[in-house]
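# Structural overview
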Amino acid sequence: PIQRKRLYALIEWARPQHVHVAWPCRGLGGFNRINLAKFGTQAAETAAMSRQESTVHLNVFEHVAFLCRDYDLGCSGENPVGSDAWKLLSEELQKWFCATFHQCAHGLHHPANSSDHGFHRKPTKMIRNRPGVLKFLQRRCPGTSHSHRHCVLEGSFRSRCLTSYAEHYPLALAKALWRGIQAGV
């Protein structure tokens, strides 16, 4: 709770041109739904706790989004396309501008597979209170080829490693935000 208050205070004090939030999707994704449905009481309890934790992060995003609205700041949020977060957002945020794209088109790959072009498609959805920046991100997978192969992400180690290693995507996002800010959108 203290970190959240500090985040909100920082936004109110600094009034940045744009705030971007990518909240954890672990408890709101497809694997969590499978665990809730199929793998017994303990797995269901763990999945329910994970979902509750992820919902806290989603609520932080909503609070940040409303702060940005109140101060007329740009704001965006992202999660995987299949995340349950998109169903849980407030009605107001569900009306924001939306884009979907594939992170492999922005260079996202697994570090263990970078030498053989092991890209990770990662279909992503982003919402934003202003439309302009989204057009700079809307890229789809170019399709598999000799120079663009997708790696299979099986097991929690590879997935966790991927989420902490995204060298090209954050740069593409920062460039898109900068272009949008420069263009006044």
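Notes on the structure follow.

Analysis parameters
- Residues numbered from 1 in each chain as written.
- Predicted model: local features only at pLDDT ≥ 70, side-chain atom pairs only at ≥ 80, totals over all residues.
- Heavy atoms only, no water.
- Helix = DSSP H or I, 4+ residues; strand = E, 2+ residues; numbered from the N terminus.
- Expected span 1.5 Å × (residues − 1).
- Buried < 20%, exposed > 50% of the residue type's maximum accessible area, 1.4 Å probe, protein only.
- Arc of directions from axis to C-beta.
- Contact = heavy atoms within 4.5 Å.
- Phe/Tyr/Trp six-rings, centres within 6.5 Å; stacked < 30°, edge-to-face > 60°.
- Pairing = 2+ DSSP bridges.
- Axes fitted to C-alpha atoms, helices over the stretch in contact; angles between N-to-C directions.
- Salt bridge = Lys/Arg side-chain N within 4 Å of Asp/Glu carboxyl O.

### Looking at helix H8 (residues 168-182)
Owing to its 3.6 residues per turn, the α-helix brings residues three or four apart onto one side. Here H8 is 15 residues long and its end C-alpha atoms lie 21 Å apart, about the 21 Å a rise of 1.5 Å per residue gives. Among the residues of H8, those classed as buried are Tyr169, Leu173, Ala176, Leu177 and Gly180. The buried residues of H8 all sit within an arc of 100 degrees when viewed along its axis, so they share a single face. Exposed side of H8, more than 90 degrees from the buried face: Trp178 and Gln182 are the residues found there. In this structure, the buried side of H8 is in contact with strand E1 (18-22), strand E2 (74-80), strand E3 (97-102), strand E5 (123-128) and helix H6 (134-137). One or two residues past the end of H8 sits glycine 184, with phi positive at roughly 75 degrees.

### So, helix H1 (residues 2-14)
The end-to-end C-alpha distance of H1 is 18 Å, a good match for the 18 Å that 13 residues give at a rise of 1.5 Å each. Arginine 15, located one to two residues past H1, shows a positive phi value of around 45 degrees.

### So, the environment of isoleucine 127
Its location among the elements puts isoleucine 127 in strand E5. Take isoleucine 127: its relative accessible area is 3%, and that puts it in the buried class. Residues contacting isoleucine 127, with those up to four places away along its chain left out, are Phe61, Cys75, Ser76, Gly77, Trp86, Leu89, Leu93, Trp96, Phe97 and Cys98.

### Focus on the packing of aromatic side chains
What the rule picks out here adds up to 3 aromatic pairs. Residues tryptophan 23 and tryptophan 86 carry aromatic rings whose centres are separated by 5.7 Å and whose planes lie at 65 degrees to one another, so their mutual orientation is edge-to-face. Of the two residues, tryptophan 23 sits in the loop between E1 and helix H2 (30-38) while tryptophan 86 sits in helix H4 (residues 85-88), which places them 63 residues apart along the sequence. Per residue, the accessibility class of tryptophan 23 equals that of tryptophan 86, and both read buried. Here the aromatic cluster, defined as three or more aromatic residues joined through ring pairs, consists of Trp23, Phe61, Trp86 and Trp96.

### Here's the deal with the sheet that holds E3
The sheet built from 4 strands is open, its strands ordered E1-E2-E5-E3 with mixed pairing. Pairing within the sheet leaves two strands with one partner each, and these edge strands are E1 and E3. Taking each pair of neighbouring strands and ignoring which way they run, the sheet shows an average axis angle of 20 degrees. H8 rests against E1, E2, E3 and E5 of the sheet, and its axis sits at about 150 degrees to E1.

### A word on the pairing of E2
Of all 7 residues making up E2, 6 are buried, and the element is well covered by its neighbours. As paired elements, E1 and E2 share 5 bridges and run parallel to each other. Along E2, the bridge assignment pairs histidine 20 with serine 76. Direction of pairing for E2 relative to E5: antiparallel, over a ladder of 5 bridges. Along E5, the bridge assignment pairs serine 76 with arginine 128.

### Section: the pattern of salt bridges
With the rule as written, the count across this model stands at 5 salt bridges. Close ionic contact of glutamate 92 with arginine 69 constitutes a salt bridge, the shortest N to O distance being 2.8 Å. Here glutamate 92, found in helix H5 (residues 91-94), pairs with arginine 69, found in helix H3 (residues 40-70); they are 23 residues apart in sequence, far enough to count as distant. Its salt-bridge partner being lysine 95, residue glutamate 91 comes within 3.7 Å of it at the nearest N-O pair. Classification of glutamate 91 as exposed rests on a relative accessible area of 59%. We classify lysine 95 as exposed; its relative accessible area is 64%.

### Quick word on unusual backbone geometry
The phi torsion at arginine 15 lies on the positive side, around 45 degrees, for a residue other than glycine. Note on placement: arginine 15 falls in the loop between H1 and E1. One non-glycine residue, aspartate 72, lies in the positive phi region at around 55 degrees. Along the chain, aspartate 72 turns up in the loop between H3 and E2.

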